[in-house]
Amino acid sequence: MRHRVGGKKLGRKTAHRISMLRNLVTSLLDREHIRTTVPRAKALRPVAERMITLGKRESLHARRQALGFIKDPAVVSKLFSDLAPRYADRKGGYTRIIKLGFRDGDGAQTALIELIGSEYKPEKGEAKAGKKSKREKADRSGKESDGKQSAKAGKSEEKAQDET
């Protein structure tokens, strides 16, 4: 019987699983969002929320318990100084899991797990090339035409300097 058996094994032995969860929670608290598989994200959620709850206690004992699990002191200090006050009036539910699709290599379903209140905004290189609005298209075409005109003007100036 499975009474009171919590968590998934994730195909790993105990020590490896605990080490993986430590690394995942450290990365999540440091970057405030990570991309991983859905089963790992679901296993990570209760651990991350437990760490944030420890941070809200603000005692030496809670800090030492967090340091016992998260091995990076800089992340623990960020947890107690920045993240815990952000969730001071919230009773739980500090993380959000957003399913992203399937990974190309092995077809595993991926997810973005992020802390609530620090919504992920992709950087310029990470943004997907999707449909643009008419205004964005007009802005881009206007910038490109200005760039072409200035490039032509620059070439004509170079030719004029070469001839003299």
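Scroll up a little and you will see the structure.
Residues numbered from 1 in each chain as written. Predicted model: local features only at pLDDT ≥ 70, side-chain atom pairs only at ≥ 80, totals over all residues. Heavy atoms only, no water.

On to the sheet that holds strand E2 (residues 95–102). Spatial strand order, E1-E3-E2: three strands in an open sheet with antiparallel pairing. Looking at strand neighbours, the two that pair on one side only are strand E1 (33–37) and E2, the edges of this open sheet. Adjacent strand axes in the sheet meet at a mean angle of 25°, parallel and antiparallel pairs treated alike. For E1 and strand E3 (residues 109–115), the ladder comprises five bridges, and the chain directions are antiparallel. Along E3, the bridge assignment pairs Thr36 with Ala111. (Pairing = 2+ DSSP bridges. Helix = DSSP H or I, 4+ residues; strand = E, 2+ residues; numbered from the N terminus. Axes fitted to C-alpha atoms, helices over the stretch in contact; angles between N-to-C directions.)

Another point: unusual backbone geometry. Despite not being glycine, Leu10 shows a phi value in the positive range, around 60°. Here Leu10 is to be found in the segment before helix H1 (14–31).

Let us look at the pairing of E3. Burial within E3 is extensive, with six of its seven residues counted as buried. Looking at chain direction, E2 and E3 are connected through seven bridges and run antiparallel. What sits directly across from Arg96, in E3, is Glu114. The antiparallel pairing of E2 with E3 creates a hairpin that spans six residues between the two strands, and Gly107 there sits at a positive phi of about 75°. (Buried < 20%, exposed > 50% of the residue type's maximum accessible area, 1.4 Å probe, protein only.)

Okay, the side chain of Glu32 next. One can find Glu32 in the loop between H1 and E1. Using a relative accessible area of 15% as the deciding quantity, one classes Glu32 as buried. A polar contact is formed between the side chain of Glu32 and the side chain of Lys78, at a distance of 3.4 Å. Beyond its immediate stretch of four places on either side in the chain, Glu32 contacts Ser27, Lys78, Leu83, Arg86, Glu114, Leu115 and Ser118. (Polar contact = N/O pair within 3.5 Å; in protein donor to acceptor, adjacent residues only side chain to side chain. Contact = heavy atoms within 4.5 Å.)

A complete count under the given rule lists one aromatic pair for this structure. Seen in terms of ring centroids, Tyr87 and Tyr94 are 5.2 Å apart; in terms of plane orientation they differ by 55°. Their pairing is tilted. For Tyr94, a relative accessible area of 2% puts it in the buried group. Cation over ring: Arg22 sits above Phe69, and NZ or CZ is 5.5 Å from the ring centre. (Phe/Tyr/Trp six-rings, centres within 6.5 Å; stacked < 30°, edge-to-face > 60°. Lys NZ or Arg CZ within 6 Å of the ring centre and 35° of its normal.)

Attention now moves to a positive patch on the surface. Side chains of Arg2, Lys8, Lys42, Arg45 and Lys99 sit close together on the surface and give a patch of like positive charge. Structurally, the position occupied by Arg2 is in the segment before H1. When its relative accessible area of 59% is taken as the criterion, Arg2 is described as exposed. (Patch = residues over 30% accessible without salt bridge, like charges linked within 9 Å, V, L, I, M, F, W, Y side chains within 5 Å. Areas by Shrake-Rupley, 256 points an atom, 1.4 Å probe, with all protein chains shown as cover. Salt bridge = Lys/Arg side-chain N within 4 Å of Asp/Glu carboxyl O. Lys, Arg positive; Asp, Glu negative; His and termini not counted. Charge placed at Lys NZ, Arg CZ, Asp CG, Glu CD.)

Counted under the stated rule, the structure contains four salt bridges. Arg86 is the salt-bridge partner of Glu32, the closest N and O atoms lying 3.2 Å from each other. Separated by 54 residues along the polypeptide, Glu32 in the loop between H1 and E1 and Arg86 in helix H4 (residues 73–86) bring together distant segments of the chain. A residue is classified by how much of its surface remains accessible, and Arg86, at 33% relative accessible area, is partly exposed. The partner of Asp106 in a salt bridge is Arg103, and the shortest N-O contact between them spans 3.0 Å. Connected through shared salt-bridge partners, Glu32, Lys78 and Arg86 make up one network.

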